[in-house]
Each structure stands twice: as C-alpha cells, then as structure tokens.
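# Per-entry structural report
Now for the letters of each chain:
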Amino acid sequence: MKLLTHNLLSSHVRGVGPRGFPLRLQATEVRINPVEFNPDFVARMIPKVEWAALLEAAETLHLVEVPKGPIEGYEHDEKFLRQMHHVLLEVDVLEGTLQCPESGRLFPISRGIPNMLLSDEETET
Amino acid sequence: MAATPPSPVGLTRRCPRTERGQGWRERAPGMVRGHGPVGVRCGCSRGVYAAPLSPLGWGTSDCSPGGVRPALSGLPSLVLGVSGCGFSQVYVTDVYRVPAVRQALRSGTSSRRQFSGLARPPNSIAMDSNSQSNYKLSKTEKKFLRKQIKARHTLLRHEGIETVSYATQSLVVANGGLGNGVSRNQLLPVLEKYGLVDALLMPPHKPYSFVRYRTAEEAKKAYVTLNGKEIVDDLGQKILLYLNFVEKAQWKELGLQALPPGLMVVEEIISSEDEKMLLESINWTEDIDNQNVQKYLKHRRVKHFGYEFHYENNNVDKDMPLPGGLPGICDSFLEKWLKEGFIKHKPDQLTVNQYEPGHGIPAHIDTHSAFEDEIVSLSLGSEIVMDFKHPDGVTVPVMLPRRSLLVMTGESRYLWTHGITPRKFDTVQASKGLQSGIITSDVGDLTLSKRGMRTSFTFRKVRQTPCNCSYPLVCDSQMKETPPSFPESAREASQLEQDYVHRVYEEIAEHFSSTRHTPWPRVVEFLKSLPCGSLVADVGCGNGKYLGVNKELYMIGCDRSQKLVDICRERCFQALVCDALAVPLCSGSCDACISIAVIHHFSTAERRVAALQELVRLLRPGGQALVYVWAMEQEYNKKKSKYLRENRISQGKEEGTSSDTAMPELLVEQVPNVGSRDSECCVSSVTDLPEGGHKARTVTNAKLPVHTNRTSFPSQDLLVPWHHQGNPGEGKPGHPAGAHDPGPVFHRYYHVFCEGELEATCQTLNSVSILQSYYDQGNWCVILQKV
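Residues numbered from 1 in each chain as written. Chains lettered and ligands numbered in written order. Predicted model: local features only at pLDDT ≥ 70, side-chain atom pairs only at ≥ 80, totals over all residues. Heavy atoms only, no water.

### Focus: the overall build of chain A
Each helix and strand in chain A was counted, giving 5 helices and 4 strands. The order of α-helices and β-strands along chain A, N terminus first, is α-β-α-α-α-β-β-β-α. Relative to its 125 residues, chain A shows a buried fraction of 46%. Contacts in chain A between residues far apart in sequence, at least 24 positions, make up 67% of those at least 6 positions apart. For chain A, the accessible surface area stands at approximately 6400 Å², while carbon and sulfur atoms represent 50% of it. (Helix = DSSP H or I, 4+ residues; strand = E, 2+ residues; numbered from the N terminus. Buried < 20%, exposed > 50% of the residue type's maximum accessible area, 1.4 Å probe, protein only. Contact = heavy atoms within 4.5 Å. Areas by Shrake-Rupley, 256 points an atom, 1.4 Å probe, with all protein chains shown as cover.)

Here is the structure:
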C-alpha cells in the first residue's frame, strides 16, 4: 500500500463519517519500490494531497526528507517533486494495520493489501 | 416528464370490458418468470402484462385493441394494461424517453401521431376500442380480428415478415403452408379464384406461404374474401387461413444449417437381409407388461429389453433389470459398431418402437438421469424425418434413411429435443432422394414422401450416477437440488451474494483471471481520455485488468475477492479488499470511477442503486463514472432488429405439457419445450424502489433459474454456471459451450439488465447527470457525471 493510497482511505464503519479520516497507520514491514519519475504526474497530485494525514503517516514510518507542505512554484521544483514522488509512490507498506480514529476498528494490511471488509454486523442498518 | 412514478390509478381489479374479476391477478412485484418485475396481469388477455408505473414504464402489448395501433406491432410498447378483450389503459408520461419509440420515430417508420394517444395523464383511461369505428363488431368478428393481428405479430416476431396495412400485390397466407399440411395443389386453386397468380411460394416446414397476384386489386379481392376462410388440409383437418399484405415475400433464412452438435447419421449400417431378420425377430404378441405400457402410448408399439422404461416418470428402474438382457442378435451389431467407432459404449438397454404412418413421438429430451451420454437409434422398414429443436426455437429437420444409425451425443442428446411429427407425409428433398442429413430449404427442390411402417431399435446405457452435464436447466439431476430463491430482505440478499458471488469468485479466481485478459476498447478509451494525474477508483476491479491501462493515472482497485486482489498485487497495482457498497475512500476524492461488470451481481434493486450511489459519492464534482453491466439482450441475438427482439409473452403455461400434435399451426399455443425460455424486455427495477407511495413488495418464493449456455437468458435474475475445467471463455453468453465436460460447476448470481434499465436506475441518483448511454459487447453502459 502506497502512502498516496493511504491518503485517500477513510474508515467506513457505520456512523463514523468524515471522522473516519485519516486512518492511523502502523507498519511492521515496509519496502521501498523504485518507480519511474513523472514530474507532471506528481505535480498534479500535489493539490489533491491531504498534508496533515500524509505527514502523520510519514512520521509513523520514520521517513526523512518529507516536505512539510507545498512550496511556492512547486511545479517546477524538481527536488521538491522528487521528494514527494518518493513519499507518495515509492514507499510501500507490506504488513501493518490501519486504525479507524473514531471507532478504533483495526483493518489489517497483508502482503501490501489492506483488507477493509466490514463484518455483517458492522454494516447492518 | 413526471418526476415520480404516478400511482396506479385506474388499474382496477376487474377487467372493465369483460367484467371478469379473476382476470387481474397480482403477480409478485419482484418476478414473473421471463418477464421480470410486473404488477398486474389480466388473465383474460393472452398474457399481456400491465406493469406498475414508472417514468419509463415498460409493458408489452401483443394485441392492440381492434387493430387500432399497427405502428406499435412488434415494438416494446408503452401501452400498459392491454387486455386481450380490447380494453387498454395507458400510463405513459413521456413517449420520447423510450429508446425503441425514439428509434421508430427517427427512422420514419411511424408518426408521432400514432403514439400521441399514449401521452395521457394517469387518471384518464384512454384508447379503448370503443373509440374506434369497429365499435359494433360482433363477438366472432372481434375474435377473428384478434387472431389476424396475432398472426401478424407472430409472423413479424418469429419469421421477420413485416405486414403492411395497405393493399399490395403480395399476401402472406398464414396457416396455409407446407409446414402445416397444406399442399400446393390444395392452395393454388383456391387463390386463383380471385385473380392471376404470378407466384405461389411455399417455404418448407413453414406454416405460411406467399402469393403474388398480377395486380393489387386482385390481391385485395383475395384478402377480403379469403381472410378467415376455412380449407381442408392433407389429413382432412379444417384450417383457417389468415391473410395479410406484405411488401415482398421474404422470410428468415435458417442461419443454422448444420446438424445439432454431437449428432451423426450413419447410412446403410446394416444390410437388407439383416434388416429383415431384425424385424422378424420381434415378437409383438401382447403380454401383460406390454398391455400396461400401451395405455401411455397412443401412437406406437414398444418393447423393452435390458431395463424397463417407465412412461409415468420417463425413467428406468435401475434396480430392476429385465431378465434376458439385450436380444442375442444385437450383440454382433453392437460389437461391430464399437469396433468401427460408431459407438463408444456398450449399451445395456434397448427400446424397440414401431411407428405406423401417422404415428409420431412428441418432442422430448431423453431423461438425463436415466441414460448416459450416447444414445443410438437404428431405423428399419422406412425412412423418417426427425425434428430437432433447440430451446431458443431453432428447428432442424433431419432425414433418417432406412438402415441408418442415428447417434446422439453431447448437446444433441442433452439439450435439443427430438421428436417425430405424427403425419403421413414428410417433406423431403427431391434431388437428394432419401439421403440422410438436413432437409434442404430450397423451395424448388421439395417433394412429399409417403411414410411407411418404421421400426426403431434405440440402444442406451443406463446411468448409475447422477447427471452432471453442462445443461442444468434441462437436467433433472441438477434441478433436483433446491435452487436458491429471489431474496426478500437485505440479509437474504447479502447471503445470496455471499453464496453465489463471493464464494464462487474466491474458488475460481485464478481460472477466472486467465479468461479476463483483454481490456475492452471502450473502457480503455474512457480511461485514456482522463487527464494526467487523475485519481481513479476501479470498484470491482477483479484481476486488475484495467488498473494498468493508462500509466498517467493513479488507479486504486477494490474488489470483494481477496484472491482476485492478490492477483492485482502480483501485477504491482494498488488494490484493496472491500465491498462495493462501502468503499473506504473519502467522499469526493476521485476524479473518475469505473465499475465494469460488477453491479449486476447485486441481487436487489436497492443494493444496485446503493452501489451506484457509492460510486457517485467517491466522485468529486464534475468527476465521471463509467458503469458496465450485463445485458439481458445478448450479442448472440443482437443481429435481430429491434422489431424482432423477443417480446414473446408467456401463454400462462409454464413448463407445460408436451403435445402429441406437434403440427406447427401458426395460431396454436406454442408447444413449450423443456428449457424454452424467452428473453424479455421488461419493467425496469426502478419500480422496486421504495419511492413515491410504492409499498415494499411482497415477493412470492420465486426460484432463480439456472442459465444454459448458448441459449437466451430465462429471466433477469438467474444463476450462470461456471465450469471450472477446460472452458476458457465460459460464462459469457454467446460463447460455445465446448464439449460436455465434467468439472465442478459453480453458479454465479446475476441480475441482467434490460435496455433502459441502467439509465433509469441512474436517473434516481442524487446530483448525477447521464453523459452517455450505450451498448457494448453484451453490456449496457453509462457514463455518469457528478454535478
């Protein structure tokens, strides 16, 4: 699971709503996967990123060199873009958990795949 | 257009014309087999349905009252509540919304005026035949008119013959054809009375002919006088002719000119001497057992060896073999046939049938659970034409010459019915004489062949284990297991999906994935049209087929099946496991979504809507979603024009009895075959929504039918088999089913969509506009935009 993906995930436990974001990340196994750098792509991602959530996740993973926010003229700042590229796309969480901040429900990440299935009771009206 | 479906005002419980109270029967708002969701059915009609209302209400009208609206013939009509006695109630809010109507209007084949009677407010009851000039018709006249219209409809739907309401030189003579025992020398003199006949075309096996007169006036004379006239056929039976004008004499050519798959006829497999010997060896003197059997068989004599065949249940008693086994003389033949490869298994049951001319056997499939695959039949004494019918309606007549061996295996044994029409003459090919094979359709090369006494020796092998063929719909072994029923609650729906969707995909994931490798072009087109850096969710991503199509997008796949998501992961895509009804992505976070072949797995309308609503929730304003669902209307049948889309209405006989008289008379109720189903364009599931006064429906315990591959869908809600071994491309309609294979079979639940249904469902969503709606590769598709 990449951090960009994590940035979009929200808990859908009943009744939680927007308070289900962001999911608290805990990782036991992380891998760095090189990904081809596409500056245009990364630049377009920047406005869509929820920074607080990203920083929180990066913190738990003890990542370094993580920009604190978009800087002026970031579209042309290669260093910035490369750093963001790394954080968003190259960090892969293989094993760990995601926790709903509101309900505490834990979702496992296994072999890089988060399992967000809720049980029947959790989805019943 | 009304925003909410009007309530069913005026849809009374009594048919206003016949005053018959029992006429209107409320069907389960969920299901009527073959017709999908309906509301009320008028029993006095020939099964025309009145449907509850919706902005895109669909109904099908078989008989327009008194021939009033010929423009609607064959079209899926917006006339709802047309009863066979001529009364109709109309609830349509906007004629233009219906694609078929729009099409007809656009193509200029009908005028707006012809549909204008439809757009009336719900509480005015419009358009009954009282308003027409044939108000004072007598009962017989009205009945005749109805039959004539029915003939017209049937000709159009089944034969592609378009009749016109103005006079031309050519007429189609329904019930006056070779197929129903009317010969040329009977019909021609009758027709010649009214004018100079340019040509009389009598297509073989068809219950109609075409006559072309020199002038339209002569044709008109014939039409006026002969319509409804009684003539006498070959066997002395009375027949009523129905005439209609046509532009030209044209009928659907039998596309399938091949023998049913698995069928083989081996000619001259025994000598004349052997034939004589075999015939003489049968002792027909009645013994007690035979007398009991005779009460079931009106038409022929039978004798059994090896095991007795019981006609009460069409099965054998495996625990009670008959003493003596097969007659000794058969041994040498069977050994020879085995050695030469004409048969693969040594049979242990023999039925000898003797058919006098005029005898026949009703169309049937030999019981699956009784006998193994291979069934062979030796024809002695006389040749015969045997009719093979596919459940979709295709009939192939096959000539079985004297001393030939008919071998039925696979599809021809398990799926096609076979039968012999009780008649004294067969239509055979003049030039080829009595050679085996399909009877030609060349109208100029046909002759009649008088039947003689025929004896058949049918050898079969009794089955010791249940049948597990690929044709569950017609298989008594497989149909014995209690089929699942249509869900009546959210929990049942969820359980049904668990059993018949999720569990199955987990089992078949790898095999399934291997069959899903080619991305569909229009989906690719959609993805490639998105700007670089778009965030896209693929809800129900399966094996990730689309996740890598456009490298400039950030795509996240979600699927319910862990195994399928694993496959995505192996391909280095971002994917997670979740339910499509609860996608764990932030609202408004996606620039686009796709959901390809997913929503049809939800078993209730509510859940399908919820799935769509979830897709919309994920979209940011302006974002687009692409949805594909399986169409009821298969590609297989798509070659037909809209006019020919199956709109057949159940005659009220469901499985039905097989009839002894298999004569294809045009206006007789269809002889229902086992497994014969009609695909039906029907009321959208919008009507199921808890909206605007509609109560939660009370669904009767409707069972879900199992689809048989290579046939049309039996209904909108069904189970589709997946054969786990050796069947690439299985599970899609129109794909060849391959040889009969014994791998484990999984049933997946589907709700296939009618034309317009997906659109209608999307229209109920909040803050959504439909950008595009189309048909692609057996799917109905929409592109939605969040406003």
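### Description of the overall build of chain B
Helix and strand counts for chain B come out as 15 helices and 34 strands. For chain B, the residues scored as buried account for 58% of the 787 residues in total. Long-range contacts, defined here as pairs at least 24 residues apart, represent 71% of the contacts in chain B between residues at least 6 apart. In the form shown here, chain B has an accessible surface area of approximately 31500 Å², with 51% of it arising from carbon and sulfur atoms.

### Some remarks on the interface of chain A and chain B
The partner chain B presents 28 residues to the 28 residues of chain A that form the contact. When chain A packs against chain B, close to 2300 Å² is buried across both sides, 61% of that on carbon and sulfur atoms. Of all residues in chain A, Leu8(A), Ile113(A) and Leu117(A) bury the most surface against chain B, accounting for 27% of the area lost on that side. For Arg111(A), the salt bridge goes to Asp566(B), with nearest N and O atoms at 2.9 Å. Where chain A packs against chain B, one counts 15 residue pairs in polar contact (both at pLDDT 80 or more). If you list the elements that add at least two residues to the side of chain A that touches chain B, you get helix 1 (3-8), helix 2 (39-45), strand 2 (91-99) and strand 4 (113-114) of chain A. The leading source of residues in the side of chain A that touches chain B is helix 2 of chain A, at 4 residues. In terms of residue class, the side of chain A that touches chain B is built from 13 nonpolar, 6 polar and 9 charged. (Buried area = accessible area lost by both parts, 1.4 Å probe. Salt bridge = Lys/Arg side-chain N within 4 Å of Asp/Glu carboxyl O. Polar contact = N/O pair within 3.5 Å; in protein donor to acceptor, adjacent residues only side chain to side chain. Nonpolar A, V, L, I, M, F, W, Y, C, P; charged D, E, K, R; others polar.)

### A short note on the sheet that holds strand 33 (residues 768-776) of chain B
All names here are of chain B. Strand order in this open sheet of 7 strands is 28-27-26-29-30-34-33, and the pairing throughout is mixed. The outermost strands of the open sheet, each flanked by one partner alone, are strand 28 (574-577) and strand 33. Neighbour to neighbour, the strand axes of the sheet diverge by 15 degrees on average, direction disregarded. Bridge count for strand 26 (residues 535-539) against strand 27 (residues 554-559) is 5 bridges, and the pairing is parallel. Looking at strand 27, one finds that Val-539 is bridged to Cys-558. (Pairing = 2+ DSSP bridges. Axes fitted to C-alpha atoms, helices over the stretch in contact; angles between N-to-C directions.)

### Thoughts on the pairing of strand 29 (residues 590-596) of chain B
All names here are of chain B. Most of strand 29 is tucked away, with 7 of its 7 residues classed as buried. Of the pairings in the sheet, the one linking strand 26 to strand 29 comprises 3 bridges and is parallel in character. Bridge assignment links Asp-538 to a residue of strand 29, and that residue is Ile-594. Once the chain exits strand 29 it traverses helix 14 (residues 605-618) before rejoining the sheet at strand 30 (residues 619-630), and the crossover so formed is right-handed. (Right-handed = clockwise from strand over helix to strand, strands pointing away.)

### Looking at unusual backbone geometry
Going from Phe21(A) to Pro22(A), the amide bond is cis rather than trans, its omega being -5 degrees. Within the fold, Pro22(A) resides in the loop between helix 1 and strand 1 (24-32). The phi dihedral of Glu268(B) is positive, around 50 degrees, even though this residue is not glycine. Considering the arrangement of structural elements, one finds Glu268(B) in the loop between strand 11 (263-266) and helix 6 (272-281). Look at Cys572(B): it is not a glycine, yet its phi comes out positive at around 65 degrees. For Cys572(B), a relative accessible area of 66% corresponds to the exposed category.

### A few points about the side chain of His747(B)
Counting through the fold element by element, His747(B) comes out in strand 32 (residues 745-751). When near neighbours in sequence (up to four residues on either side) are disregarded, His747(B) contacts Tyr500(B), Val504(B), Val706(B), Leu719(B), Val720(B) and Pro721(B).

### Comments concerning the sheet that holds strand 1 of chain A
Residues and elements named next belong to chain A. Pairing in this open sheet of 4 strands is antiparallel, and the strands run 1-2-3-4 from one edge to the other. Every interior strand has two partners, whereas the edge strands, strand 1 and strand 4, have only one. In this structure, strand 2 lies alongside strand 3 (residues 106-110), joined through 4 bridges in antiparallel fashion. In the strand pairing of strand 3, Gln-99 is matched with Leu-106. Together, strand 1 and strand 2 form the strand contacts of helix 4 (residues 78-90), whose direction differs from that of strand 2 by roughly 60 degrees.

### With respect to the packing of aromatic side chains
Residues and elements named next belong to chain B. Going through the model one piece at a time under the given rule, you end up with 13 aromatic pairs over all chains. Plain terms: the ring middles of Tyr-414 and Tyr-471 are 6.3 Å apart, the flat faces sit at 25 degrees to each other, and that makes the pair stacked. Taken together, the residues Tyr-414 in helix 9 (residues 410-414) and Tyr-471 in the loop between strand 25 (454-462) and helix 10 (476-479) connect sequence positions 57 residues apart. In this structure, Tyr-414 and Tyr-471 share a single accessibility class: buried. Ring centres of Phe-457 and Phe-459 lie 6.5 Å apart, and the angle between their planes is 35 degrees; this geometry places the pair in the tilted category. In terms of burial, Phe-457 and Phe-459 fall into one category: buried. Members of the aromatic cluster, each reached through a chain of ring pairs, are Phe-333, Trp-337, Phe-457 and Phe-459. Sitting over the ring of Phe-309, Arg-460 keeps its end group 5.1 Å from the ring centre. Across from the ring centre of Tyr-774, 3.6 Å away, lies the NZ or CZ of Arg-522, which sits over that ring. (Phe/Tyr/Trp six-rings, centres within 6.5 Å; stacked < 30°, edge-to-face > 60°. Lys NZ or Arg CZ within 6 Å of the ring centre and 35° of its normal.)

### Considering the environment of Glu335(B)
Residue and element names in this part refer to chain B. Secondary-structure assignment places Glu-335 in helix 8 (residues 328-339). By relative accessible area, which is 41% here, Glu-335 ends up partly exposed. Sequence separation between Glu-335 and His-345 is 10 residues, and the spatial gap between their C-alpha atoms is 9.9 Å.

### Overview of the packing of helix 11 (residues 490-515) of chain B against helix 13 (residues 562-570) of chain B
Residues and elements named next belong to chain B. At their nearest, the axes of helix 11 and helix 13 sit 7 Å apart, and the two run at 35 degrees to each other. Contacts from Tyr-505, Glu-506, Ala-509, Glu-510, Phe-512 and Ser-513 of helix 11 reach helix 13 at Gln-562, Lys-563, Leu-564 and Ile-567. Classifying every residue of the contact of helix 11 with helix 13 by side-chain character gives 5 nonpolar, 2 polar and 3 charged.

### Notes on the nonpolar core
Counting residues in hydrophobic clusters, the biggest one holds 73 residues, and the most contacted among them are Leu25(A), Leu98(A) and Leu585(B). The next biggest cluster of nonpolar side chains, apart from the first, holds 31 residues, and it includes Leu263(B), Phe371(B), Ile375(B) and Tyr414(B). (Core = buried A, V, L, I, M, F, W, Y, C linked by side-chain atoms within 4.5 Å.)

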